[in-house]
Amino acid sequence: MSRRAETLLWVAQRASAAVLAVCVLAHLATLIYAVQGGLSGAEILARTRGNVAWLVFYTVFVLAVAVHAPIGLRTVLAEWLGWRGRARDFALIAFAVVLAGMGLQAVRGVVA
Amino acid sequence: MSVMLQVRVWRGGAAGGAWRQYDVPRRESQTVLDVVTHIQRALDPTLAYRYACRVGMCGSCAMTVNGAPRWTCRTHVDKVAQDGRLSVAPLKNLPVIRDLVADMREFFDKWARAQGQFKGARTRADDFERIAPGSEARRRADAAIECIGCGVCYAACDVVAANPGYLGPAALNRAWTLANDARDTAQGARLRAVAGDRASLACHTHMSCTERCPKALSPTAGIAGLKRAVARAALQGRL
């Protein structure tokens, strides 16, 4: 991988971390608020279904995770297992696709 | 103050080695280098170690003292001995030549790979470049420029241990001083050299280098500056 590509991955990880910082806080705050309010699962779904704002929020959240986690794992695999090179990068692209796919499916379950 | 110090010294070579015990008379204002020198001159002349200036300028006497990398000529026994015991070993993250002598070739080769050489365009016929002492770039270079190349930061760095190709704090600190040198003409090549997984971007900001640097420099701060410069260049298509 070229140095420019490696640097852009680094930038993508920092940028996605900034997005995640906001998303995780909003997610946790919403979670605590909903639980303390005593909302049931059905009541929460009634509020989220068809709501474009939640759709956008959780889609961004899931995509940020799918960008952030594989790039971090890339370094972990290199430093802990000595696994570098194209095979590792393709495996991580597959991991990113699985993360995004599972996450977006969950978003669909809550919002659609 | 106990009369004798119990000193454990690592003896061996590239193939391996073992600790050997020596009893060294305790003296006032004694440095770790004094202890090692006593062992070699009075107890065991076969001990190999390296030093030159004895006053913290040359950067040749760094060793692992009680588990941490230190410059031995300026490290007082008072500060590091635990219950009258000392252990002295070669620097970590470098191959051992013999006993306390680490092979520094890879360390300095990485300075070269980080484009640590100054490249100017002026000749003796040209006037001096005028650089304001208070300018931001000059102050950034000043903060990093007193490195003596002792290798303590490199031996302290967890990323070097995990990623042997990583250029390490000293080489990147040197690149940072040149990145802030208005006279230097190799900025593009240097930015490429310090980009990527084995250079500035690999730093995890553990700050062991900054913690251990005997000159109280902060390679971590310089590496952070390089990260910003490299990221900017990549986004602008200059890398």
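This structure is a prediction, so every number in the text was calculated from the model and none was measured.

Here we look at the overall build of chain B
At step 1: Of regular secondary structure, chain B possesses 10 helices and seven strands.
At step 2: A principal-axis box enclosing the C-alpha atoms of chain B has dimensions of 60 × 35 × 30 Å.
At step 3: By the burial criterion, 43% of the 239 residues in chain B qualify as buried.
At step 4: In chain B, the proportion of contacts linking residues at least 24 apart, taken out of those at least 6 apart, comes to 65%.

A closer look at the domain arrangement of chain B
It is common to give the size of an interface as the accessible area lost on bringing the parts into contact.
Residue and element names in this part refer to chain B.
At step 1: According to the domain assignment, chain B contains domain 1 (4–102) and domain 2 (105–235).
At step 2: Between the C-alpha centres of domain 1 and domain 2 there is a distance of 29 Å.
At step 3: On the domain 2 side, the residues contacting the 15 residues of domain 1 number 15 residues.
At step 4: Residue assignment for the side of domain 1 that touches domain 2 shows that the elements contributing at least two residues are β3 (62–65) and β4 (68–71).
At step 5: For the side of domain 1 that touches domain 2, the leading source of residues is β4, giving four residues.
At step 6: When grouped by side-chain class, the residues that make up the side of domain 1 that touches domain 2 number eight nonpolar, four polar and three charged.

Considering the interface of chain A and chain B
At step 1: Counting residues at the interface gives nine residues for chain A, matched by 12 residues for chain B.
At step 2: Among the elements of the structure, α1 (3–36) and α3 (52–81) of chain A are those that each provide at least two residues to the side of chain A that touches chain B.
At step 3: Sorting elements by how many residues they give to the side of chain A that touches chain B places α1(A) first, with seven residues.
At step 4: Looking at the side of chain A that touches chain B residue by residue, the classes come out as four nonpolar, one polar and four charged.

Concerning helix α10 (residues 219–235) of chain B
At step 1: In a regular helix each residue adds 1.5 Å, so 17 residues correspond to 24 Å; α10(B) covers 24 Å between its end C-alpha atoms and thus fits that length.
At step 2: Of the positions making up α10(B), those classed as buried are B:P219, B:T220, B:G222, B:I223, B:L226, B:K227, B:A229, B:V230, B:A231 and B:A234.

Thoughts on the environment of A:G85
Residue and element names in this part refer to chain A.
At step 1: Here G85 shows up in the loop between α3 and α4 (86–111).
At step 2: Residue G85 is classed as exposed on the basis of its C-beta count, with 9 C-beta atoms lying within 10 Å.
At step 3: Put simply, G85 and R74 are 11 residues apart on the chain and 10.0 Å apart in space, counted from C-alpha to C-alpha.

Some details on the nonpolar core
At step 1: Ranked by size, the top nonpolar core spans 71 residues in total, and within it B:V88, B:L172, B:V194 and B:V230 carry the most contacts.
At step 2: If you tally residues by element for this core, the top one is helix α7 (residues 169–179) of chain B, at seven residues.
At step 3: Taken together, domain 1 (4–102) and domain 2 (105–235) of chain B each give at least three residues to this core, which thus spans both.
At step 4: If sequence neighbours within four positions are ignored, B:V88 has contacts with B:V7, B:V9, B:W10, B:V32, B:V36, B:M63, B:V65 and B:L100.
At step 5: Judged by nonpolar contacts, the second largest core, of seven residues, contains A:Y58, A:A64, A:V65 and A:V67.

Some remarks on helix α3 (residues 105–113) of chain B
Residues and elements named next belong to chain B.
At step 1: Looking only at α3, the buried set comprises F107, K110 and W111. Summarising the axial view, the buried residues of α3 lie within an arc of 105°, below the 170-degree limit, and thus occupy one face. Set apart from the buried face of α3 by more than 90 degrees, the exposed residues are R105, D109 and A112.
At step 2: Lining the buried residues of α3 we find α5 (152–156) and α7.
At step 3: Immediately downstream of α3, the backbone of Q115 shows phi near 55°, a positive value.

Examining unusual backbone geometry
Residue and element names in this part refer to chain B.
At step 1: Located in the positive-phi region is D83, a residue other than glycine, with phi close to 55°.
At step 2: As for its placement among the helices and strands, D83 is situated in the loop between α2 (77–80) and β5 (85–89).
At step 3: Taking the number of C-beta atoms within 10 Å as the measure of exposure, D83 has 6 and is therefore exposed.
At step 4: Residues other than glycine seldom take positive phi values, yet Q115 does so here, at roughly 55°.

Procedures and definitions
Residues numbered from 1 in each chain as written. Chains lettered and ligands numbered in written order. Predicted model: local features only at pLDDT ≥ 70, side-chain atom pairs only at ≥ 80, totals over all residues. Helix = DSSP H or I, 4+ residues; strand = E, 2+ residues; numbered from the N terminus. Buried ≥ 20, exposed ≤ 12 C-beta atoms within 10 Å, placed from the backbone. Contact = placed C-beta atoms within 7 Å. Domains from an automatic or database assignment. Nonpolar A, V, L, I, M, F, W, Y, C, P; charged D, E, K, R; others polar. Expected span 1.5 Å × (residues − 1). Core = buried A, V, L, I, M, F, W, Y, C linked by C-beta atoms within 7 Å. Arc of directions from axis to C-beta.

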